[in-house]
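# Understanding the architecture of this molecule
One letter stands for each residue in the lines below.
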Amino acid sequence: MLYRRIAKPVFFKMSPETAHHVVIGGLKYAGALPGGAATLRGMYGVKETEDLAVDLFGLHFPNPIGLAAGLDKNAEAVAGFSSIGFGFMEVGTVTPVGQPGNDRPRLFRLPPDEALVNRMGFNNLGAESMAERLAALKHRPVPVAVNIGKNKTTPNEDAHKDYEKCISALYPYADFFVVNISSPNTPDLRKLQHGSELKSLLEAVRAEMGVQAAKSGEAKSVLVKIAPDVSDEELEYMTDAIAASGVDGIIATNTTISRAGLTHRNASETGGLSGKPLRDRSTEVIGRVYRQTEGKLPIIGSGGIFTSRDAYDKIKAGASLIEIYTALIYEGPEVNRALHAGLRELLRKDGFRHITEAVGADHR
Ligand SMILES: Cc1cc2nc3c(=O)[nH]c(=O)nc-3n(C[C@H](O)[C@H](O)[C@H](O)COP(=O)(O)O)c2cc1C
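All chains use their own residue numbering, which begins from 1 and follows the written sequence. Selection of residues for local features in this predicted model requires a pLDDT of at least 70, selection of side-chain atom pairs for listing and counting requires 80 or more, and totals for whole chains, interfaces and linings are taken over all residues.

### Regarding the overall build of the chain
Put simply, the rule is: A run of H or I in DSSP becomes a helix once it reaches four residues, and a run of E becomes a strand once it reaches two; helices and strands are each numbered from the N terminus. In this treatment the radius of gyration is a C-alpha quantity, and the globule benchmark scales as 2.2 Å times the residue count to the 0.38 power. As a rule, residues whose C-beta atom has 12 or fewer other C-beta atoms within 10 Å are exposed, those with 20 or more are buried, and those in between are partly exposed; C-beta atoms are placed from the backbone. By the convention adopted here, residues make contact when the C-beta atoms placed from their backbones lie within 7 Å.
Secondary structure assignment for the chain yields 13 helices and 15 strands. Taking 2.2 N^0.38 as the reference for a compact globule, 364 residues should give roughly 21 Å; the C-alpha atoms of the chain span a radius of gyration of 19 Å, in line with that estimate. Viewed in the frame of its principal axes, the chain has a C-alpha envelope of about 50 × 45 × 45 Å. A buried classification covers 51% of the 364 residues belonging to the chain. Relative to all contacts within the chain whose residues are 6 or more apart in sequence, the contacts with residues 24 or more apart total 75%.

### Considering the sheet that holds strand β11 (residues 221-226)
Selection rule: A pair of strands is treated as paired once DSSP finds two or more bridges between them. To get an axis, a line is fitted to the C-alpha atoms, and for a helix only the part in contact is used. The angle between two axes follows their N-to-C directions and goes from 0 to 180 degrees.
Read around the closed barrel, 8 strands run β3-β4-β9-β10-β11-β12-β14-β15, paired in parallel fashion. This sheet shows a mean twist of 25° between the axes of neighbouring strands, independent of strand direction. Bridging between strand β12 (residues 249-252) and strand β14 (residues 299-302) involves 3 bridges; their strand directions are parallel. Residue pairing for β14: A252 is matched across the bridge by G301.

### Topic: the UniProt feature "active site" (unreviewed entry) in the chain
For clarity, the cut-off: UniProt positions are given in the numbering used here, feature names are shortened, and annotations may be inferred rather than shown by experiment.
What UniProt calls "active site" (unreviewed entry) maps, in this numbering, to S183. Assignment of secondary structure puts S183 in the loop between β10 (176-180) and α7 (195-216). Not counting the four nearest positions on each side in its chain, S183 is found in contact with T93, F122, G149, L189, N254 and G272.

### Focus on the nonpolar core
What counts here: The term nonpolar core refers to a set of buried Ala, Val, Leu, Ile, Met, Phe, Trp, Tyr and Cys residues connected through C-beta atoms within 7 Å.
Of all hydrophobic cores here, the largest spans 104 residues; its most connected members are L170, F177 and I250. At 6 residues, the largest contribution of residues to this core is made by helix α6 (residues 159-170). Ignoring sequence-local partners within four residues, the contact set of F177 consists of A145, V146, I148, I167, K220 and V222.

### Here we look at helix α5 (residues 127-135)
Filter applied, for reference: Starting at the helix axis, one direction is taken to each C-beta atom, and the arc is that of these directions.
Those residues of α5 that fall on the buried side of the exposure criterion are A127, M130 and A131. The buried side chains of α5 occupy one side of the element, clustering within an arc of 105° when seen end-on. Considering only its buried residues, α5 is in contact with β4 (88-94), β8 (124-126) and α6.

### Examining the site of the ligand
Rules: Using a C-beta atom placed from the backbone, a residue is scored as near a molecule or strand whenever that atom is within 6 Å of it. When residue character is reported, Ala, Val, Leu, Ile, Met, Phe, Trp, Tyr, Cys and Pro are called nonpolar, Asp, Glu, Lys and Arg charged, and the others, Gly included, polar.
Contacts to the ligand come from 27 residues, most closely from A68, G70, S274, Y325 and T326. Its residues assigned to classes, the shell around the ligand comprises 11 nonpolar, 14 polar and 2 charged.

### Comments concerning the packing of α5 against α6
Under the convention used in this document: Should an angle lie under 35 degrees it is considered roughly parallel, over 145 roughly antiparallel, and from 65 to 115 roughly perpendicular; all remaining angles are considered oblique. A clockwise turn of the near helix away from the far one marks a right-handed crossing, whereas an anticlockwise turn of less than a right angle marks a left-handed crossing.
In contact at an axis separation of 9 Å, α5 and α6 are set at 25° when each is read in the N-to-C sense. Judged by the angle between their axes, α5 and α6 are roughly parallel. Note that α5 runs across α6; the crossing there is right-handed. Where α5 abuts α6, its residues A127, E128, M130 and A131 lie against K165, C166, A169 and L170. The class makeup of the residues in the contact of α5 with α6 is 6 nonpolar, no polar and 2 charged.

### Overview of the sheet that holds strand β7 (residues 115-118)
With respect to topology, 3 strands assemble into an open sheet ordered β6-β7-β13, the strand pairing being antiparallel. Lying at the two open borders of the sheet, with one neighbouring strand each, are β6 (107-110) and β13 (272-275). Direction aside, neighbouring strands of the sheet carry axes that sit 25° apart on average. Sheet topology places β7 next to β13; 4 bridges connect them, and they run antiparallel. Across the sheet, A115 pairs through a bridge with G275, a residue of β13.

### Quick word on the packing of α6 against α7
Where α6 meets α7, the closest approach of the two axes is 9 Å, and the angle between their N-to-C directions is 25°. Here α6 lies roughly parallel to α7, going by the angle between them. When you trace α6 past α7, the crossing you get is right-handed. Contact residues: α6 offers A159, H160, Y163, E164, I167 and S168, while α7 offers S200, L201, A204, V205, E208, M209 and Q212.

### A closer look at unusual backbone geometry
Residue T93 is bonded to the preceding G92 through a cis peptide linkage, with omega at 15°. As for its position among the elements, T93 is in strand β4. The residue F122 is not glycine, and still its phi comes out positive at about 55°. Of note, F122 is situated in the loop between β7 and β8. Among the residues examined, F122 registers 25 C-beta atoms within 10 Å and is labelled buried. Here E294, not a glycine, exhibits a phi torsion of approximately 50°, which is positive. Here E294 shows up in the loop between α9 (279-292) and β14.

Following this line, the structure appears as structure tokens:
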């Protein structure tokens with residue numbers, strides 16, 4: 001209520017990107033203040049419960065609700081975000097070298113559609129800068145994934161080198177990695193999802209993960225984040241190639257370039273669409289990946305989750321964990337407690353004692 005009644009009307013008067021910076025700045029400041037994280041936890045934290053805690057990728061997730069990539073691109077507010085009820089978070093997308101991203105405006109609200117369109121273009125401060133910030137973190141209450149991409153000026157034939165550089169610069173500081181080949185805002189990035197480019201990229205990523213694991217003595221997981229805008233045949237190929245590559249999981253899905261069913265004038269803006277209109281397609285992709293891999297490849301579900309029912313639908317379709325971004329903008333941090341309480345209730349009603357029993361339940 002606090003967010004929707006007081007903060008949201010103020011934020012929604014600002015340009016979306018200014019509001020974004022105010023949120024990041026506020027959480028960074030609050031998280032760094034003595035007692036700040038505890039205050040945030042008191043206001044918005046989610047109490048860990050046995051039924052929703054998940055052990056996966058060798059990590060403990062106190063709850064299955066994560067912050068999706070793109071909000072904390074530079075890992076500036078990890079303490080703040082981990083105190084407002086998230087069970088894990090992604091930082092990034094980070095590229096080897098810092099880059100400014102696309103010209104502004106590049107982020108648009110579509111309030112009647114409960115959606116956003118963005119064409120940020122991986123604006124970030126670069127891998128070394130992120131490594132310094134993550135290294136300085138004293139305490140990590142939840143797993144932090146580093147989402148990695150390629151610089152805009154790197155041609156696709158050299159893309160693997162950018163992913164390798166990000167992995168080597170950030171390996172000690174990431175709990176796991178996400179290979180982003182699905183943003184629509186870096187020219188040709190999505191081509192890396194197809195054909196031999198996908199196979200050779202994943203081979204390079206796996207090799208670099210192996211090198212870093214040997215060096216540090218610690219094996220970590222790497223996932224691949226995929227787009228919803230693919231044909232059934234393309235998705236089948238991608239899923240096969242990803243499963244065969246030996247990576248540890250899939251994030252489904254990134255934003256869409258589809259504009260079906262929108263009412264707001266900002267639908268005409270170029271970029272990736274997130275929020276409610278993406279919900280059903282991303283759930284469908286999760287279901288297809290789960291079926292094809294017979295539930296053997298863990299899936300993190302992302303796309304249009306606003307309610308516990310939305311989250312539960314993705315879990316039953318096959319997601320082991322879920323993530324939100326756009327709902328946080330529209331509903332505020334209160335959404336995490338609502339999702340958590342609602343998920344517990346939905347599990348209980350269906351007779352499941354633990355969330356893992358519900359994962360993929362649609363297919364049984
Ligand atoms: C403004 C904005 C920036 C984003 N930036 C990234 C990014 O850098 N990397 C990435 O993998 N996904 C990025 N995403 C996609 C989100 O992580 C998420 O997958 C997508 O928005 C769908 O979830 P949602 O409907 O809950 O927002 C971004 C989304 C938004 C709205």
